[in-house]
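# Coordinate analysis (summary)
This is what each chain is made of:
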Amino acid sequence: MKTLFKTLSIVGLLAVSSAVNAQDKQDKVISLSQLPKQAQNFIKTYASKLAVSYVKLEDELFSKKSYEVKMQDGSEFEFDKNGNWKEVDLKHKAVPSALVPQSVKAYIAKSFPNNNVVKIARKSSKYEVELTNGLDLEFNSKGKFLRIDD
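In this text the structure is predicted, and so the values were computed from the model without any measurement.

Criteria and cut-off values
Sequence order as written defines the numbering, with residues in each chain counted from 1. This being a predicted model, a pLDDT of at least 70 is required before a residue's local features are given, and a value of 80 or more before pairs of side-chain atoms are given or counted; all residues contribute to the totals for chains, interfaces and linings. As a convention, hydrogens and water are excluded, and side-chain values are obtained from all of the structure's heavy atoms. Note that patches include only residues with greater than 30% relative accessible area and no salt bridge, and the join distances are 9 Å for like charges and 5 Å for nonpolar side chains (Val, Leu, Ile, Met, Phe, Trp, Tyr). Under the convention used here, a 1.4 Å probe and the Shrake-Rupley method define accessible areas, while residue burial counts only the protein chains that appear. Definition used for salt bridges: Asp or Glu carboxyl oxygen within 4 Å of a side-chain nitrogen of Lys or Arg. Here the positive residues are Lys and Arg and the negative ones are Asp and Glu; neither His nor the chain ends is included. Working definition for charges: the position is that of NZ of Lys, CZ of Arg, CG of Asp or CD of Glu. A helix here means a DSSP run of H or I that spans at least four residues, while a strand means a run of E at least two residues long, and both kinds are numbered starting from the N terminus. In short, DSSP must find at least two bridges between two strands for them to pair. Axes here refer to lines fitted to C-alpha atoms; in helices the fit is confined to the stretch in contact. Angles between the N-to-C directions go from 0 to 180 degrees. Residue contacts are counted whenever heavy atoms from the two residues lie within 4.5 Å of one another. Type-normalised accessible area, obtained with a 1.4 Å probe on protein chains alone, sets the label of each residue: buried when under 20%, exposed when over 50%, and partly exposed for intermediate values. The arc in question is the one spanned by the directions pointing from the helix axis to the C-beta atoms. Pairing of aromatic rings covers Phe, Tyr and Trp, the last through its six-membered ring, and needs centres within 6.5 Å; plane angles under 30 degrees mean stacked, over 60 mean edge-to-face, and all others mean tilted. The rule for a charge over a ring is simple: NZ of Lys or CZ of Arg within 6 Å of the ring centre, and within 35 degrees of the ring normal.

## A short note on a positive patch on the surface
Taken together, the side chains of Lys 28, Lys 64, Lys 65 and Lys 81 present a region of like positive charge at the surface. As for its placement among the helices and strands, Lys 81 is situated in the loop between strand E4 (76-80) and strand E5 (85-89).

## A few points about the sheet that holds strand E3 (residues 66-71)
Reading across the sheet, the nine strands line up as E1-E2-E3-E4-E5-E6-E7-E8-E9 and stay open at both edges, with antiparallel pairing between neighbours. The open sheet has two edge strands, strand E1 (27-30) and strand E9 (145-149), and neither has a second partner. Averaged over all adjacent pairs, the angle separating strand axes in this sheet is 20 degrees, with direction ignored. Pairing of E4 with E5, which is carried by four bridges, proceeds in the antiparallel orientation. The residue bridging Glu 76 from the neighbouring strand is Asp 89, located in E5. The strands touched by helix H2 (residues 37-46) within the sheet are E3, E4 and E5, with E4 carrying the most contacts at an inclination of about 155 degrees. Helix H3 (residues 102-111) rests against strand E6 (117-122), strand E7 (126-131), strand E8 (136-140) and E9 of the sheet, and its axis sits at about 140 degrees to E8.

## Quick word on the environment of Ile 120
Considering the arrangement of structural elements, one finds Ile 120 in strand E6. Residue classification places Ile 120 among the buried positions, given a relative accessible area of 0%. The sequence separation of Ile 120 and Leu 99 amounts to 21 residues, and the corresponding C-alpha distance is 8.2 Å. Setting aside anything within four residues of it in sequence, one finds Ile 120 in contact with Trp 85, Lys 86, Glu 87, Val 88, Val 95, Leu 99, Val 100, Pro 101, Tyr 127, Glu 128 and Val 129.

## Structural notes on H2
Every α-helix winds through 3.6 residues per turn, so residues three or four apart in the chain are directed the same way. Turning to H2, its buried residues number three or more, namely Ala 39, Gln 40, Phe 42 and Ile 43. Buried residues along H2 cover an arc of 160 degrees about the axis, so they all sit on one side. Away from the buried face of H2 by more than 90 degrees, exposed residues Lys 37, Lys 44 and Thr 45 are located. Those residues of H2 hidden inside the fold are in contact with E3, E4 and E5.

## Examining the packing of aromatic side chains
This model, assessed by the stated rule, comprises seven aromatic pairs. Seen in terms of ring centroids, Tyr 107 and Phe 145 are 4.5 Å apart; in terms of plane orientation they differ by 10 degrees. Their pairing is stacked. Placement of Tyr 107 in helix H3 and of Phe 145 in strand E9 is noted, with a sequence separation of 38 residues between them. A relative accessible area of 26% places Phe 145 in the partly exposed class. Taken together through their ring pairs, the aromatic side chains of Phe 42, Tyr 46, Phe 77 and Phe 79 make up a single cluster. It is Arg 122 that lies over the ring of Trp 85; its NZ or CZ is 4.1 Å from the centre.

## Here we look at the pairing of E5
Counting buried positions along E5 gives four out of five residues, so the element sits mostly inside the fold. Linkage of E4 to E5, two consecutive antiparallel strands, is achieved through a turn of four residues, within which Gly 83 is found at a positive phi near 95 degrees.

Spelled out as structure tokens, the structure:
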């Protein structure tokens, strides 16, 4: 019985290891022109003055296809398979105002004046933002404040 358990454990570990290795092999560097048109337009609109370092297609085993664009100044943009933005991280520069929902902007202006959004992530049911002062805030999909994230 112990031998059977050990054998099954080893087989299970090998299967997990293979899945992780297969997942890693799905990342591929692509050209900017291979991004979905919507993502290309986003980059032209909001990051045309930044030089692209690389564009990566992430086609992972257990998740959906996505794209990551890294700029030479360290800024990062993530897009879903259709080219819709998922995350914008400008490190220490303010995220374009047009990307931040009005209710989120109003809350930040009232509660954290003199701070800018330097990172915003759009999830299916919430927005996550990082401010200049380092605070991470969560809002629901309608822009209502939920909590300060640790």
